[in-house]
Amino acid sequence: MIRTLPNSRAYTWSFHVFVILYFVFLFAPLLVTCVLAFNDSNFPSLPWNGGTLDWFFSPGPQRVGIFHDAQNLRSILVSFQTAVIVSVLCVVVGTCAAFAFEQETFPFKNLLYFLMLAPLVIPGVILGISQLLGATTAGMFFETHFDLDIAIFRPSFWLVVLGQFSFITTFVALVVSARLRKFDRSLEEAALNLGATRFQVIRFITLRFLRPAIIGAGAVAFLMSFENFNTTLFLVGSQPTLPINLYLQVRDGSTPVINAISFLLIVGTSCLALVNLYFSRKEA
Amino acid sequence: MKTSRLSLWIFLSPVLMWLVLLIVLPHLDLFIMSFRAKDEYGRMGFSLQNYVHFFEEPIYWLTFVRTAVYSVITTFFTFLLAMPVAFYIVKVVRPKYKGFLMVLLLLPFWVSELVRVYGWMILLRESGVVNFFLLKLGIVDAPLKMLYTDATMIMGLVYTSMLFMVVPVISVLESLDDSLIEAASDLGGSKISIWREIILPHCKPGITSGAIVVFMLSLGNYLTPNLMGGKNSLWFTEQIYNQFIASFNWNQGAAFGFLLLLLSSGIIWAGLKLSRVKLGEVAS
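All of the points below concern the structure found in this document. (Residues numbered from 1 in each chain as written. Chains lettered and ligands numbered in written order. Predicted model: local features only at pLDDT ≥ 70, side-chain atom pairs only at ≥ 80, totals over all residues. Heavy atoms only, no water.)

### Focus: the overall build of chain B
Within chain B, the regular secondary structure consists of 14 helices and two strands. Principal-axis analysis of the C-alpha atoms gives chain B an extent of 80 × 75 × 35 Å. Classification of the 284 residues of chain B by burial places 52% in the buried group. Long-range pairs, those at least 24 residues apart, make up 65% of the contacts in chain B with a sequence separation of at least 6. (Helix = DSSP H or I, 4+ residues; strand = E, 2+ residues; numbered from the N terminus. Buried < 20%, exposed > 50% of the residue type's maximum accessible area, 1.4 Å probe, protein only. Contact = heavy atoms within 4.5 Å.)

Written out as structure tokens, the structure is:
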């Protein structure tokens, strides 16, 4: 049954085989995607025609590698900018939320806490359409009452930022709150007794204690924003993010350039994941 | 400790702005929009027409029901697959491999959902890798049609949301004392009764939170049903997308969105009530 009990050979081996099969299931699609990025063929499929780096570096005209593909490169840049802005915003507001809910008392605290958790249970598509509707209504309001045309309220780069910010902040707030709960508040009291102001305490003691959680949450926020599809789909304007751009290409047929981008994404996120894991181990 | 009002406002004001402007108002707008429609003179006004339309057109409510039923099936299969894997990692494998397996388990889920779905597409389509090997080995004479079927779509959904079941189940299993299982086994309990009387009851909170998240993610998924499902496996999020982007009928789309939100919150509420777990516990 478990490792401390005697088990029959058949039981243990069938369990091993099951788990091996499970990991094959888990990694097969990623592995195949990576391998086919290097196949010397015009379609991302077998047979294997030998290796090539064309889908990364070829300047065209028959094969355009990812590093010469202006449209995809632009979408990577857009995603990158979005993710940086979103993660900074989320970390700031999420940390504020953690402080507010863990250390302060105020009326309607439970109601607000419930509202803060709401984005966890609202499907991303719904978040997307309600941001779109809300922004359009706000835009109409400003146009009819103040005769102002505000571009941010139309599907655009900034609306994507707002839409992603609206739910990623919750994740940051939860991670930072969890860390803040472990904080020994007598350290704050000691600092206050020694004459520090409240903001000095936060800056030199509490924030320092929270730093690993903030960095970890920031990294997760970056990744969530970079890879978000459901919410972004409804808010995107003339500057598609990478997932949207990839989706349009996958839907209309595929070239190994998508494999090349996927390969870069897999390698990039794996590195980020391992770094994040390393830091969270160190923290624990 | 004396709390200053100033620090409360500094923490709370960005949080309030986030929750009111980006969570409460947009969803209120979604709710109001869903009750507005053009009357026979083309004027906008209060109307139940969007909801009536939903119940009158079988394609709409059938899609709704199918989305709900398939999400339940997905949740069930995710549980069936996740439970033994979690059990293996926590209780069966030698402790020195545990950390490594955990990393391996988490890694694929850092990669964008789009890349994972794309991987499945190039594996399973008619010119795909699996068919290539099946033909090569002479197992089949003609390529099998595996992509664009309901079963494949459910497999894709299970794959996509696996992590959110495995992780909470692992964390509850870790708090299960091995000696309980040993004692039951010494007293002559069979494997089935140990699972039924000890392991499953102990894991209930983890299973509940996993099931809630998996259900919600499947319900709100757009990518996997869109790219892996066939013509007959239309997902409700696709209906919402069609209303918003293709037909430009935002009021109808808002009604659909609100119905989906109602369904997901209803099921989550029921799940929480049945298992007596709090929303805050699911989140952490």
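### Side note on the overall build of chain A
Looking only at helices and strands, chain A features 11 helices and zero strands. Over its C-alpha trace chain A gives a radius of gyration of 24 Å, far above what one expects of a compact globule, namely 19 Å for 284 residues. With respect to the principal axes defined by its C-alpha atoms, chain A has extents near 75 × 70 × 30 Å. The 284 residues of chain A split such that 52% are buried. Taking all contacts inside chain A whose residues are at least 6 apart in sequence as the whole, residues at least 24 apart take part in 65%. Accessible surface, chain A as shown: approximately 13400 Å² in total, 68% of it carbon and sulfur. Averaged over its 17 positive side-chain charges, chain A has a centre that lies 12 Å from the centre of its 14 negative ones. (Rg over C-alpha atoms; globule rule 2.2 N^0.38 Å. Areas by Shrake-Rupley, 256 points an atom, 1.4 Å probe, with all protein chains shown as cover. Lys, Arg positive; Asp, Glu negative; His and termini not counted. Charge placed at Lys NZ, Arg CZ, Asp CG, Glu CD.)

### What to know about the interface of chain A and chain B
Each partner contributes to the interface: chain A provides 95 residues, whereas chain B provides 94 residues. Where chain A touches chain B, the interface holds 11 residue pairs in polar contact (both at pLDDT 80 or more). Residue contributions to the side of chain A that touches chain B peak at 16 residues, all from helix α1 (residues 9-36) of chain A. Among the residues forming the side of chain A that touches chain B, the class breakdown is 64 nonpolar, 22 polar and nine charged. (Polar contact = N/O pair within 3.5 Å; in protein donor to acceptor, adjacent residues only side chain to side chain. Nonpolar A, V, L, I, M, F, W, Y, C, P; charged D, E, K, R; others polar.)

### Topic: the pattern of salt bridges
Enumeration according to the criterion identifies seven salt bridges over all chains in this entry. Where B:Arg196 meets B:Glu197, a salt bridge forms, and the shortest distance between an N and an O atom there is 3.6 Å. (Salt bridge = Lys/Arg side-chain N within 4 Å of Asp/Glu carboxyl O.)

### Section: helix α9 (residues 178-186) of chain B
All names here are of chain B. Along α9, the positions that sit buried rather than exposed are Asp178, Ile181 and Ala184. Buried residues of α9, viewed axially, fall in a sector of 130 degrees; they line one side. Looking at the buried side of α9, the elements it contacts are α3 (58-92) and α10 (191-219). Just past α9, the residue Gly188 takes up positive phi, approximately 95 degrees. (Arc of directions from axis to C-beta.)

### Here's the deal with the environment of A:Gln71
Residues and elements named next belong to chain A. Among the secondary structure elements, Gln71 is positioned in helix α3 (residues 70-103). Looking at Gln71, the relative accessible area reads 47%, which means it is partly exposed. Here the alpha-carbon distance between Gln71 and Asp184, two residues 113 residues apart in the chain, equals 51 Å.

### A word on the nonpolar core
Residues A:Tyr22, B:Trp18, B:Leu105, B:Leu173 and B:Ile199 are the most contacted members of the largest nonpolar core, which totals 164 residues. In terms of residues, this core owes the most to one element, α3(B), which gives 14 residues. Membership of the second largest hydrophobic core comes to five residues, among which are A:Val121, B:Met216, B:Ile268 and B:Leu272. (Core = buried A, V, L, I, M, F, W, Y, C linked by side-chain atoms within 4.5 Å.)

### Comments concerning the side chain of A:Asn228
Within the secondary structure layout, A:Asn228 lies in the loop between α8 (198-227) and α9 (232-235). In terms of polar contacts, A:Asn228 uses its side chain to reach the backbone amide nitrogen of A:Thr231, at 3.4 Å.

### Let's talk about a nonpolar patch on the surface
Taken together, the side chains of B:Met17, B:Val20, B:Leu21, B:Leu25, B:Leu28, B:Phe31 and B:Ile32 present a nonpolar region at the surface, about 630 Å² in accessible area. The residue B:Met17 is located in helix α1 (residues 5-34) in this model. (Patch = residues over 30% accessible without salt bridge, like charges linked within 9 Å, V, L, I, M, F, W, Y side chains within 5 Å.)

### Let's talk about the packing of aromatic side chains
Enumeration over the complete set of coordinates arrives at 47 aromatic pairs over all chains. Their ring planes at 45 degrees and their centres at 5.6 Å tell us that A:Phe25 and B:Trp120 sit as a pair that is tilted. With A:Phe25 in helix α1 and B:Trp120 in helix α5 (residues 113-124), the pair connects residues from two separate chains. Just as A:Phe25 is buried, B:Trp120 falls in that class too. When the ring of B:Trp120 is compared with that of B:Tyr159, the centres are 5.4 Å apart and the planes differ by 85 degrees; the resulting orientation is edge-to-face. One end of the pair, B:Trp120, is in helix α5; the other, B:Tyr159, is in helix α7 (residues 150-161), with 39 residues separating them in the sequence. Like B:Trp120, the residue B:Tyr159 is buried in the burial classification. Aromatic rings pair up to connect A:Phe229, A:Phe234, A:Tyr247, B:Tyr222, B:Tyr241, B:Phe244, B:Phe248 and B:Trp250 into one cluster. Across the ring face of A:Phe209, the terminal group of A:Arg179 is positioned such that the distance to the ring centre comes to 4.2 Å. (Phe/Tyr/Trp six-rings, centres within 6.5 Å; stacked < 30°, edge-to-face > 60°. Lys NZ or Arg CZ within 6 Å of the ring centre and 35° of its normal.)

### With respect to the environment of A:Thr255
Mapped onto the elements, A:Thr255 comes out in the loop between α10 (242-251) and α11 (256-283). For A:Thr255 and A:Asp147, which are 108 residues apart along the polypeptide, the C-alpha to C-alpha distance reads 47 Å. Apart from residues lying up to four places away in sequence, A:Thr255 is in contact with A:Pro44 and B:Tyr118.

Any link to function would need more than the numbers given here.
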